[in-house]
Amino acid sequence: MHLANYDYEREDVFPIPFFTWGCPFHDSWEKELIDIFYNYSNNIKNNPTQVTPHLKHGMYESSLDFFGEHEGVKVVQQFKEYIVESCSNVIRDLNKESWDYLKFQMDRKNFRWKTYLTESWFHITKTGGQHEYHNHPNSDFAFLYYFTDHEENEGGTNRFYDVRMGGTSRYTLGSHWQVNTSNKEIHPNAGKCVMFPAYVYHDSSRYLGTKDRIVFSCNVSVHTPDALQWTPEEIIRETLKR
């Protein structure tokens, strides 16, 4: 049988959204924030978090409450406000269609929501360092901000892996189309921001450069008192004040 003409529809069913953008304020706060990171690492030794140390090699990690520990530092709070506002814009745009339907179901014109940076920390990676395969459970999104530029041959890229079950388990001619789509690499450039679903597993490749690789990270979640979900005490207190 020879099919002279045939039609079909293609649908990519399980898309994973990634967002990248450049920070327009990077030059104005880069040096001051990097100085704060080094002062912190010099005063508090030995990776204060001690979270999954077996996955981290040749790198320093601050506590996971960096923003909370620097509430009185103006440039740190400006940096935090930028991250919150940027992530909020992305989250609002990404969820618009779904949220419009949710408001229709709830018979209301709008509902209250707020973006929370539930954890915040920085990494300083030395030559030969790397961060092995992991994800960020119990968060909506993860956020990365690169403070340093590196050549491609220096490594230190972040690699993100296909989360679909079996997505990389079958290596045959018929499934060869997915070999080059089973992971995504993002190269560090100063001022680059990356936001992705927190369930996505990722790592950073071994860093071979000579100057320190500096990255800031956050776990990002949205909470609301207007829908059926767990709500942190902070937003409950804010609601009661109204």
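Everything numeric here is computed off the predicted structure, so don't read it as measured data. (Residues numbered from 1 in each chain as written. Predicted model: local features only at pLDDT ≥ 70, side-chain atom pairs only at ≥ 80, totals over all residues. Heavy atoms only, no water.)

Draft legend 1. Quick peek at the overall build of the chain. When its secondary structure is counted, the chain shows 4 helices and 9 strands. Counting contacts in the chain only where the partners sit at least 6 residues apart, residues at least 24 apart contribute 82% of the total. Accessible surface computed for the chain: about 15000 Å², of which carbon and sulfur atoms make up 51%. (Helix = DSSP H or I, 4+ residues; strand = E, 2+ residues; numbered from the N terminus. Contact = heavy atoms within 4.5 Å. Areas by Shrake-Rupley, 256 points an atom, 1.4 Å probe, with all protein chains shown as cover.)

Draft legend 2. Broad picture of the layout of surface pockets. The calculated volume of the second largest pocket comes to roughly 370 Å³. Along its surface, the second largest pocket is lined by 23 residues, and Glu 61, Trp 121, His 131, His 134 and His 136 are the ones closest to its centre. Among the elements of the structure, β2 (56-61), β3 (114-134), β8 (202-204) and β9 (213-223) are those that each provide at least two residues to the lining of the second largest pocket. With 5 residues, β3 is the single largest residue contributor to the lining of the second largest pocket. By residue class, the composition of the lining of the second largest pocket is 8 nonpolar, 11 polar and 4 charged. (1 Å grid on protein atoms, 1.4 Å probe; cavity = no way out; pocket = protein on both sides within 12 Å on 5 of 7 lines; lining within 4 Å. Points joined across faces, edges and corners; volume = space filled by probe spheres on them. Nonpolar A, V, L, I, M, F, W, Y, C, P; charged D, E, K, R; others polar.)

Draft legend 3. Structural view of the nonpolar core. Counting 35 residues, the largest nonpolar core has Ile 83 and Phe 216 as its most contacted members. Those elements that provide at least two residues to this core are α1 (26-43), α2 (66-69), α3 (74-106), β3, β4 (141-146), β7 (192-197) and β9. Per element, the largest residue contribution to this core is 9 residues, and it comes from α3. The residues touching Ile 83, leaving out its near neighbours within four places in the chain, are Phe 67, Leu 117, Phe 143, Phe 216 and Cys 218. (Core = buried A, V, L, I, M, F, W, Y, C linked by side-chain atoms within 4.5 Å. Buried < 20%, exposed > 50% of the residue type's maximum accessible area, 1.4 Å probe, protein only.)

Draft legend 4. A look at the packing of aromatic side chains. Applying the stated criterion across every chain yields a total of 29 aromatic pairs. On the numbers, 5.2 Å between centres and 90° between planes, the contact of Phe 37 with Phe 147 is edge-to-face. Of this pair, Phe 37 sits in helix α1 while Phe 147 sits in the loop between β4 and β5 (158-161), and the two are 110 residues apart along the sequence. Judged by its relative accessible area of 0%, Phe 37 is buried. Residue classification places Phe 147 among the buried residues on the basis of a relative accessible area of 1%. Look at Phe 66 and Phe 122: their rings are 5.7 Å apart centre to centre, the planes differ by 90°, and that puts the pair in the edge-to-face class. Linking Phe 66 in helix α2 with Phe 122 in strand β3, this pair joins segments that are 56 residues apart in sequence. (Phe/Tyr/Trp six-rings, centres within 6.5 Å; stacked < 30°, edge-to-face > 60°.)

Draft legend 5. A nonpolar patch on the surface, seen in detail. The grouping of Tyr 133, Val 163, Tyr 199 and Tyr 201 at the surface amounts to a nonpolar patch, some 380 Å² of accessible area in total. Relative to the helices and strands, Tyr 199 resides in the loop between β7 and β8. (Patch = residues over 30% accessible without salt bridge, like charges linked within 9 Å, V, L, I, M, F, W, Y side chains within 5 Å. Salt bridge = Lys/Arg side-chain N within 4 Å of Asp/Glu carboxyl O.)

Draft legend 6. Quick look at the environment of Ile 124. Counting through the fold element by element, Ile 124 comes out in strand β3. Spatially, the C-alpha atoms of Ile 124 and Phe 147 are 10.0 Å apart, while their sequence positions differ by 23 residues. For Ile 124, the residues in contact, after removing those within four places along its chain, are Phe 37, Tyr 38, Ser 41, Gly 58, Met 59, Tyr 60, Asp 212, Arg 213 and Ile 214.

Draft legend 7. Focus on the pattern of salt bridges. Inspection of the entire model under this criterion finds 7 salt bridges. Across the pair Asp 93 and Arg 92 runs a salt bridge whose closest N-O atoms are separated by 3.8 Å. The class of Arg 92 is partly exposed, set by a relative accessible area of 39%. Between Lys 96 and Asp 100 there is a salt bridge, with the nearest N and O atoms lying 2.8 Å from each other. Pair noted here: Lys 96 and Asp 100 are both in helix α3, with a separation of 4 residues, about one helical turn. The class of Asp 100 is partly exposed, set by a relative accessible area of 34%. Within the structure, one salt-bridge network assembled from shared partners comprises Lys 96, Asp 100 and Lys 103.

Draft legend 8. Geometry of the environment of Gly 129. With respect to the helices, strands and loops of the structure, Gly 129 is situated in strand β3. For the pair formed by Gly 129 and Lys 56, sequence separation is 73 residues and the distance between their alpha carbons is 7.6 Å. Residues within four places of Gly 129 in sequence aside, it is in contact with His 57, Gly 58, Ser 205, Arg 206 and Tyr 207.

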